[in-house]
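Now for the letters of each chain:
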Amino acid sequence: MPCRSDKHSARVPKLELFAGRLGIVVALLALAAVLAALKPNFLSAANLTNVVRQVSINGILAVGVTAVLLTGGVDLSLGALVALTGVVAAHLAHPGAYPLLVPIAAGILAGAACGAVNGAVVTRCGVPSFIATLGMMTAARGLALVLSDGRPVSNMSPALTRLAGDVAGIPVPALILAAVAAAVAWMLRNLRLGRYLYAVGGNEQAARAAGIRVQGVKFAAYLLCGALAGLAGVVLAARITTGQPNAGVAYELDAIAAVVIGGTRLSGGVGGVGGTLLGVLLMGVIGNGLDLLNVPSYYQQIVKGVIIIGAVWFDRCHQASGKERGV
Amino acid sequence: MGEILRNGENRGNVWLEALGVSKSFGGVRALLDVSFELRRGEVHALMGENGAGKSTLVKILAGLHTPDAGEVRVDGRKVELRSPHEAIRHGIAMIHQELMPVPDLTVAENLLLGREPCGRLPGTVDRGALRREAGRLLELLKVDLPVDAPMRTLSVAAMQTVEIARAVGSDAAAVIMDEPTAALSDREVEALFRTIRALQARGTAFIYITHKMDEVFRIADRITVLRDGVRVGTAPASGLDETRLIALMVGRELIGGRVRGRAVAGESLLSVSGLSRTGAYRDVRLELRRGEILGLAGLMGAGRSEVAAALFGLAPAERGEIRVRGRVARIRHPPDAMGLGIGMVTEDRRADGFVPLMSVRHNITLASLERCCRGPVIRHAAEAEAAALAIARTGIRASDDGQAVVQLSGGNQQKVVFARALMSDPEIVILDEPTRGIDVGAKAEVHALVAGLADQGKAVLLISSELAELLALSDRLLVMRQGEVVAELDPLTVSQEEVLKHAMPI
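In this text the structure is predicted, and so the values were computed from the model without any measurement. (Residues numbered from 1 in each chain as written. Chains lettered and ligands numbered in written order. Predicted model: local features only at pLDDT ≥ 70, side-chain atom pairs only at ≥ 80, totals over all residues.)

Observations regarding the overall build of chain B
What chain B contains, in helices and strands, is 17 helices and 22 strands. For 506 residues, the compact-globule estimate of 2.2 N^0.38 gives 23 Å, and chain B sits close to it at 24 Å. In terms of overall dimensions, chain B has a C-alpha envelope of 70 × 50 × 50 Å along the principal axes. Among the 506 residues that make up chain B, the fraction classed as buried is 47%. Contacts in chain B between residues at least 24 apart in sequence constitute 68% of all its contacts with a sequence separation of at least 6. (Helix = DSSP H or I, 4+ residues; strand = E, 2+ residues; numbered from the N terminus. Rg over C-alpha atoms; globule rule 2.2 N^0.38 Å. Buried ≥ 20, exposed ≤ 12 C-beta atoms within 10 Å, placed from the backbone. Contact = placed C-beta atoms within 7 Å.)

As for the environment of B:Leu245
All names here are of chain B. In this structure, Leu-245 sits in helix α8 (residues 242–250). When the C-alpha atoms of Leu-245 and Gly-48 are compared, they prove to be 9.3 Å apart, with 197 residues separating the residues in sequence. Residue contacts for Leu-245: discarding those within four places in its chain leaves Met-47, Met-213, Ile-223 and Leu-240.

Notes on the packing of helix α3 (residues 78–91) of chain A against helix α4 (residues 101–124) of chain A
Residue and element names in this part refer to chain A. Closest axis-to-axis distance for the α3/α4 pair is 8 Å, and the angle between their directions is 145°. You can see that α3 and α4 cross each other, and the crossing is right-handed. Residue-level contacts link Leu-81, Leu-84, Thr-85, Val-88 and Ala-89 of α3 to Pro-103, Ile-104, Ala-106, Gly-107, Ala-110, Gly-111 and Cys-114 of α4. For the contact of α3 with α4, the residue count by class is 9 nonpolar, 3 polar and no charged. (Axes fitted to C-alpha atoms, helices over the stretch in contact; angles between N-to-C directions. Left-handed = near helix turned anticlockwise from the far one by under 90°. Nonpolar A, V, L, I, M, F, W, Y, C, P; charged D, E, K, R; others polar.)

With respect to the sheet that holds strand β7 (residues 174–178) of chain B
Backbone-to-backbone hydrogen bonds pair the strands of a sheet. The strands run either parallel or antiparallel. Residues and elements named next belong to chain B. Read across the open sheet, the 6 strands follow the order β6-β7-β8-β3-β9-β10; overall the sheet is mixed. Edge positions in the sheet fall to β6 (92–95) and β10 (230–236), since each has one partner strand and no second. Mean inter-strand twist for the sheet, computed between neighbouring axes without regard to direction, equals 20°. Alignment of β6 against β7, held across 4 bridges, turns out to be parallel. If you follow Ile-95 over to β7, its bridge partner there is Met-177. (Pairing = 2+ DSSP bridges.)

Structural notes on the confidence of the model for chain A
Residue and element names in this part refer to chain A. For chain A, mean pLDDT is 89; residues scoring 70 or higher make up 90% of the total. Note that residues 1–19 has pLDDT below 50 and, in this model, 43 contacts with residues that lie over four places away or in other chains. For residues 320–327, every residue scores under 50 in pLDDT, and the model assigns this stretch 21 contacts once sequence neighbours within four places are set aside. (pLDDT = per-residue confidence, 0-100.)

Some words on the packing of α3(A) against helix α11 (residues 251–261) of chain A
Residue and element names in this part refer to chain A. Between α3 and α11, the least distance of the axes is 6 Å, while the angle of their chain directions is 125°. Put simply, α3 runs oblique to α11. Here Leu-78, Gly-79 and Val-82 of α3 come into contact with α11, specifically with Tyr-251, Glu-252 and Ala-255. Residue classes in the contact of α3 with α11 are distributed as 4 nonpolar, 1 polar and 1 charged. (Parallel < 35°, antiparallel > 145°, perpendicular 65-115°, else oblique.)

What to know about the nonpolar core
Counting 186 residues, the largest nonpolar core has A:Ile60, A:Leu61, A:Leu228, A:Val235, B:Val460 and B:Leu462 as the members making the most contacts within it. A per-element tally of this core places helix α10 (residues 214–240) of chain A first, with 18 residues. Two domains each donate at least three residues to this core, and these are domain 2 (256–341 + 426–506) and domain 3 (360–421) of chain B. Not counting residues within four places of it along the chain, the set of residues in contact with A:Leu61 comprises A:Leu78, A:Leu228, A:Ala229, A:Ala232, A:Tyr251 and A:Ala255. Of all hydrophobic cores here, the second largest spans 69 residues; its members include B:Trp15, B:Val34, B:Leu61 and B:Met94. (Core = buried A, V, L, I, M, F, W, Y, C linked by C-beta atoms within 7 Å. Domains from an automatic or database assignment.)

Comments concerning unusual backbone geometry
Here the phi dihedral of A:Thr241 falls at roughly 55°; this positive angle occurs in a residue that is not glycine. Its location among the elements puts A:Thr241 in the loop between α10 and α11. By the C-beta count within 10 Å, which is 18 here, A:Thr241 ends up partly exposed. Even without being a glycine, B:Asp33 presents a positive backbone phi close to 50°. Among the secondary structure elements, B:Asp33 is positioned in strand β2 (residues 28–39). On the neighbour-count criterion, B:Asp33 (13 C-beta atoms within 10 Å) is partly exposed.

Quick word on the sheet that holds strand β22 (residues 484–489) of chain B
Residue and element names in this part refer to chain B. Strands sit in the order β16-β19-β20-β13-β21-β22 across an open sheet of 6 strands; the sheet is mixed. The open sheet terminates on both sides in strands that have one partner only, identified here as β16 (342–345) and β22. Strand-to-strand twist in this sheet, taken as the mean axis angle between neighbours without regard to direction, amounts to 20°. Pairing of β16 with strand β19 (residues 428–432), which is carried by 4 bridges, proceeds in the parallel orientation. Bridge assignment links Val-345 to a residue of β19, and that residue is Leu-431.

Section: the environment of A:Thr276
The residue A:Thr276 is located in helix α12 (residues 273–292) in this model. With near-sequence residues (within four places) excluded, A:Thr276 lies in contact with A:Ala62, A:Val63, A:Thr66, A:Ala258, A:Val259, A:Gly262 and A:Thr264.

Looking at the domain arrangement of chain B
Domain boundaries assigned for chain B yield domain 1 (1–91 + 204–254), domain 2 (256–341 + 426–506) and domain 3 (360–421). Put simply, the middle of domain 1 of chain B and the middle of domain 2 of chain B, counted by C-alpha atoms, are 37 Å apart.

Structure, rendered in structure tokens:
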């Protein structure tokens, strides 16, 4: 079916939060209204807290991978990194072993190290990001299995599990997501690195000719993405109170889906954290709604798949704009 | 302009027509009530500044846009062209500015792409018939190309010929060409014109968009001028001259000739000796002084852009010495060059000039963002101020500085690239084809900008394929041929013919 859009928005999506993301806001509100009408307990504090808790890990991953997608790359290793860093953190989090900060820092650093390898392979060896991170996905999963001997790493200190608890009725993972999103959004808008991420994804040749060290910018994106995957891995381990070498399968795809629903272009250069958060929320609310409506989980997957494609198609129709005028 | 711009007589020959066509893009008017006719066997040039609506009009005829109002007629019958495919079915083919061949297929396979002769089994291709048919088509065009060569081994000009042959092979009665000679050498242009004339004799009609004046008067039978989305008029090419045509395009008369007097050059800012890169240029020596414009003439492939790329660190030279302000400089990346006070406007602005979906403001400050920063943090107010200043200086016309650069006309896009290069206040400015593909009005503005740079005491290296431009602006003129600097000429006294004589390969 052709996706005709002669409508030409005078302004193209920019760095501003939620700019041009009205369609998703509307979809989100409409969905919430329908759910609230069908299931009054959708709006209950308990349920909303639940939604926020459930989207936190996908949210942290999605914010990180937004940076990579903005440069026109992709990171498929996130799910495996979540498992690996969870195992690393769990190993260091037995009661009385180390101070709380050690397992958290170790998880994040392990993620950052893998991200650095991704970045180095992409920028130094010129391997396409799809392949580089696909290799990392397999290798990191293997490493997680080696480190854990294929079994969940249990006996976790309660100090760490509190990372998945509540503070003043708000889930801590949601607070972490909020902090991460705010920091990355600020970075994209206010740091030179943020601007350069857009430039590299928007036109790599032009960025190079403008004197930007393109490879360094790309490397930074993978590093950030890996570090946030590490953070997500620690939070997940805290939530399930074990380091699971088999955790996080296909998490990267959920994260990428949320980012793309949020309006970041797979080809890079356009998008941002605001849209990504909306995408994450939309996916979370859909999942929650299907649960409330007692849709069996197998069917839920079908619905989710359709919605991912539908959302991006809808977005394309409303954004193709700039392309048409003799670009 | 009444009497010369009336519609031609003998309407019986009209084959393709647009009647009262209008088109807007989200409130921005691109075309208003434009009528246009193409007769069998004519070459009809479509002229106008960038943004005049030429591309929109031909895209409607090629089925890429649907008009908001008005209709298209083929052979007197109204047609709906909803896709390029339908346009081709009606015999209208478009050769795009950026060619789109399949590089790894052979010439023959590209020529008959989508219409391969069937073999004995369904779904198979009769390769013998494919090669014969391809050979027949090329013969028709009187060109000699190897049908079995992979497309990627061909020159741009040869690929273009294949595209034309493909259009003709699909029985196109009208071929639309959007700036076909932008990337061709003079000799290749000649070959293209021969091909066009051969097909014209067989009744094929051409719509020909170009900015090059000399070409129009050599190839076109009639000329239609558009301005701001409205048709100014149509006239036989023989009834117009260059001055008149430019006046119609811009709505005012422009004065041609020398833009500036001879500058008093200051001390040497950049000197190059023995600069070499295998297969690109050999033993290049040049000197660039404060306050002067050094022109660099030559044909495509003479190595001019490659030398410029070396000076800016985009593709370093293999041997030779570059001195900036007397000191030996090592330039490996653009940041090295920028650190030495060198700025550059690159040859192909679409490829490496600007970030299309980024705003005017962000594009302008991209190369010197650190000037509007405290440490790594951008100071948005300072950035906006710097961009506003640059916009005013270079005369960029945009709705506001948040508009995406891709939405600007070619001339304004080029001014954005200028603004970016000048933002770091370089003393040495390299300009590679600064007016390629921009309209005459914007060209004059860019010329004034370039002259202004030299007047401010900057040293300018100007590469251009338009000799008139080089002669109008340069203080000294070097000619490159096949990778070597072969002559230094005085642009105030030398003729275009003489420059060309030096530039032509022997």
